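For reference, the chains in residue letters:
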Amino acid sequence: MATKRGRLRWSVVTWAFVISAVSYLDRNNISIAGSSIKEAFALSDRQLGLVFSAFALGYALSQPFAGRIADRFGAYRCVAAAIVWWGVFTALTAMLPPGLPFALTLLILVRLLLGVGEAVIFPATNRLVSSWIPPSERGFANGFIFAGVGIGGGIAPPMVTAIVVNFGWQWAFYASAIIGLLVGVAWLAAVRDTPAEHPSITPQELAYIEARVAPRSQGGASTSWRTVIKDRQVLLLTTSYFCFGYVAYIFFSWFFIYLSKVRGLDLKSSALLATLPFLAMTIFSTLGGSVSDRVAARHGDRVGRCLIAAAAMILASLFVVIATAVSSAQLASIVLAGGAGSLYFAQSAYWTLSANIGGRSSGVLSGVMNMGAQIGGVVTASTMPIVAEAFGWTASFLVAGGIALIGGLLWLLIDPQHSLAEAEG
């Protein structure tokens with residue numbers, strides 16, 4: 001049956017997965033090269049934390065507007081433009097001479113603008129999922145797309161370490177920019193905004209998609225800002241995703257430095273162990289989406305989306321707390337990888353419900369929701385070294401565990417049947 005109705009929608013989802021992977025390679029390279037940049041620019045840990053936060057701040061504040069732009073202009077053009085933008089600013093990161101006056105300020109500005117450019121990626125791909133993928137398949141689709149986060153984050157430590165050791169830290173950024181631009185060319189050839197626009201769609205697959213994707217997901221006026229911002233379900237999703245983002249950004253900012261500086265591992269050992277959380281993200285993001293779809297089909301979205309996400313977040317909290325009691329650096333890395341995997345088991349539920357609840361406004365809703373996660377990232381990147389200096393790194397991870405627990409409990413309050421369009425009506 002799958003062969004008869006076609007699989008082009010999964011080709012589109014696969015390219016969204018690739019874009020996801022490249023975007024996280026681009027944003028994660030600075031955490032791997034962080035020690036070299038810190039030395040080159042003579043930065044303290046707090047100043048390096050500001051550099052990490054700059055990307056997350058630009059990314060976070062741009063999310064709602066990026067979502068609205070994706071709803072207005074479509075994922076196809078928005079993602080292509082974003083790839084060119086982030087390629088330029090990734091390269092500029094490497095081109096800044098450390099000896100310039102106000103070099104730190106310029107570095108922060110470049111990273112801020114890189115965050116602005118990347119902001120459209122996930123609201124746009126969620127808009128794509130809303131138009132291409134029937135609701136019964138969205139858990140797996142979103143889980144697979146966000147598995148790209150694990151792939152991109154997992155490739156970064158060994159690749160960036162090898163480039164830094166052999167060619168210098170600047171070439172880590174040049175390589176990321178080149179990879180992004182090549183993928184952008186492929187995106188333009190392989191993807192379209194809607195199934196009806198794609199020249200390779202079969203009549204059978206087009207009929208299959210259009211029979212299952214609600215018309216409100218494929219066009220029409222977007223929901224007003226007032227409705228989105230005041231909606232209780234949007235607030236709950238956004239707050240829970242803030243908790244998700246706070247924990248996730250540990251792995252994208254301080255985890256590699258934590259292994260090398262706090263746990264005392266050498267550069268090569270740190271690079272190897274730093275891939276474990278991203279490998280777990282890759283596996284469990286896809287697995288979580290698939291399980292969520294199956295359980296939702298049998299027991300409804302309340303169980304398949306909300307309760308599974310709640311359990312996964314609570315389990316992630318336990319892993320993060322347990323890791324603080326482990327003395328071995330290698331075992332602590334494995335336990336924290338379990339936390340990352342549990343966290344990403346819940347990932348698809350956020351994006352599936354934002355597509356289902358948002359409908360034709362899925363871009364802006366997911367943008368607002370993702371802003372919450374990125375604000376969590378800003379807080380993590382900038383405050384984790386401050387908490388560590390004052391109370392120790394154990395305290396930093398205990399705080400993260402508590403925040404993950406809150407994010408899980410909030411899922412128990414979310415209504416998966418809510419609709420923004422009906423709320424506005």
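Quick look at the structure, then. Keep in mind that what you see is a predicted model, and the values were worked out from it rather than measured. Each chain has its residues counted from 1, following the order in which its sequence is written. Note on the predicted model: pLDDT of at least 70 is required for a residue's local features to be given, and 80 or more for side-chain atom pairs to be given and counted; whole-chain, interface and lining totals, by contrast, use all residues. Excluded from the side-chain calculations are hydrogens and water; all other atoms, namely the structure's heavy atoms, are used.

## Examining the overall build of the protein
Next, step 1: Assigned secondary structure in the protein consists of 20 helices and zero strands.
Next, step 2: On C-alpha atoms alone, the protein measures out to a radius of gyration of 20 Å, which is about the 22 Å that the 2.2 N^0.38 rule sets for 425 residues.
Next, step 3: Along the first, second and third principal axes, the C-alpha atoms of the protein reach 60 × 40 × 40 Å.
Next, step 4: Throughout, exposure labels follow a simple rule: accessible area from a 1.4 Å probe, protein chains only, divided by the maximum for the residue type, with under 20% read as buried, over 50% as exposed, and the rest as partly exposed. Put simply, the protein has 425 residues, and 60% of those count as buried.
Next, step 5: Contact criterion: two residues are considered in contact whenever any of their non-hydrogen atoms come within 4.5 Å of each other. Excluding contacts between residues fewer than 6 apart, the proportion of contacts in the protein whose partners are at least 24 apart in sequence is 85%. Strands here are runs of E lasting at least two residues and helices are runs of H or I lasting at least four, both read from the DSSP assignment and numbered beginning at the N terminus. Only C-alpha atoms enter the radius of gyration; for comparison, a globular chain is expected to reach 2.2 Å times N to the power 0.38, where N is the number of residues.

## Quick word on the packing of helix α17 (residues 347-358) against helix α18 (residues 362-391)
Next, step 1: Helix axes are fitted only over the stretch in contact, all axes being lines through C-alpha atoms; the angle between N-to-C directions runs from 0 to 180 degrees. Where α17 contacts α18, the two axes come as close as 8 Å, and the packing angle between them is 140°. With respect to each other, α17 and α18 are oriented oblique. α17 and α18 meet at a crossing whose hand is right-handed. In contact with Y350, W351, S354, A355, I357 and G358 of α17, α18 contributes S362, L365, S366, M369 and N370.
Next, step 2: A per-class count over the contact of α17 with α18 returns six nonpolar, five polar and no charged. An angle counts as roughly parallel when it lies under 35 degrees, as roughly antiparallel when it exceeds 145, as roughly perpendicular when it falls between 65 and 115, and as oblique in every other case. Crossing chirality is assigned from the near helix's rotation relative to the far helix, an anticlockwise turn below a right angle marking it left-handed and a clockwise turn marking it right-handed. Only Asp, Glu, Lys and Arg are considered charged in this grouping, and only Ala, Val, Leu, Ile, Met, Phe, Trp, Tyr, Cys and Pro are considered nonpolar; every other residue, Gly among them, is considered polar.

## Some remarks on the packing of helix α8 (residues 138-167) against helix α14 (residues 276-299)
Next, step 1: Packing of α8 against α14 brings their axes to within 7 Å, and their N-to-C directions diverge by 180°. With respect to each other, α8 and α14 are oriented roughly antiparallel.
Next, step 2: Taken together, the residues of the contact of α8 with α14 sort by class into eight nonpolar, 11 polar and two charged.

## Quick look at the packing of aromatic side chains
Next, step 1: Stacked, tilted and edge-to-face are the three classes assigned to paired rings of Phe, Tyr and Trp, where Trp is represented by its six-membered ring and a pair needs centres within 6.5 Å; plane angles under 30 degrees give stacked, over 60 edge-to-face, the rest tilted. Across all of its chains, the model carries 18 aromatic pairs by this definition.
Next, step 2: Relative to F144, the ring of F17 lies with its centre 4.6 Å away and its plane at 10°, an arrangement referred to as stacked. Of the two residues, F17 sits in helix α2 (residues 8-32) while F144 sits in helix α8, which places them 127 residues apart along the sequence.
Next, step 3: Taking relative accessible area as the criterion, F144 reaches 21% and is therefore assigned partly exposed.
Next, step 4: On the numbers, 5.0 Å between centres and 35° between planes, the contact of F146 with W351 is tilted. With F146 in helix α8 and W351 in helix α17, this residue pair connects regions lying 205 residues apart in the sequence.

## Focus on the pattern of salt bridges
Next, step 1: Basic side-chain nitrogens of Lys or Arg form a salt bridge, by our definition, when they fall within 4 Å of a carboxyl oxygen of Asp or Glu. Counting across every chain of the model gives six salt bridges.
Next, step 2: Between R9 and E137 there is a salt bridge; the shortest N-O distance is 3.0 Å. You can see R9 sitting in helix α2 and its partner E137 sitting in the loop between α7 (121-132) and α8, a full 128 residues away along the chain. In this structure, R9 and E137 share a single accessibility class: buried.
Next, step 3: Ionic pairing is found between D301 and R305, a salt bridge with its closest N-O pair at 3.5 Å. Within this pair, D301 and its partner R305 are both found in helix α15 (residues 301-323), separated by four residues, close to a single helical turn. Assigned by exposure class, D301 and R305 land together as buried.
Next, step 4: Salt bridges linked by common partners bring R9, E137 and E205 together as one network.

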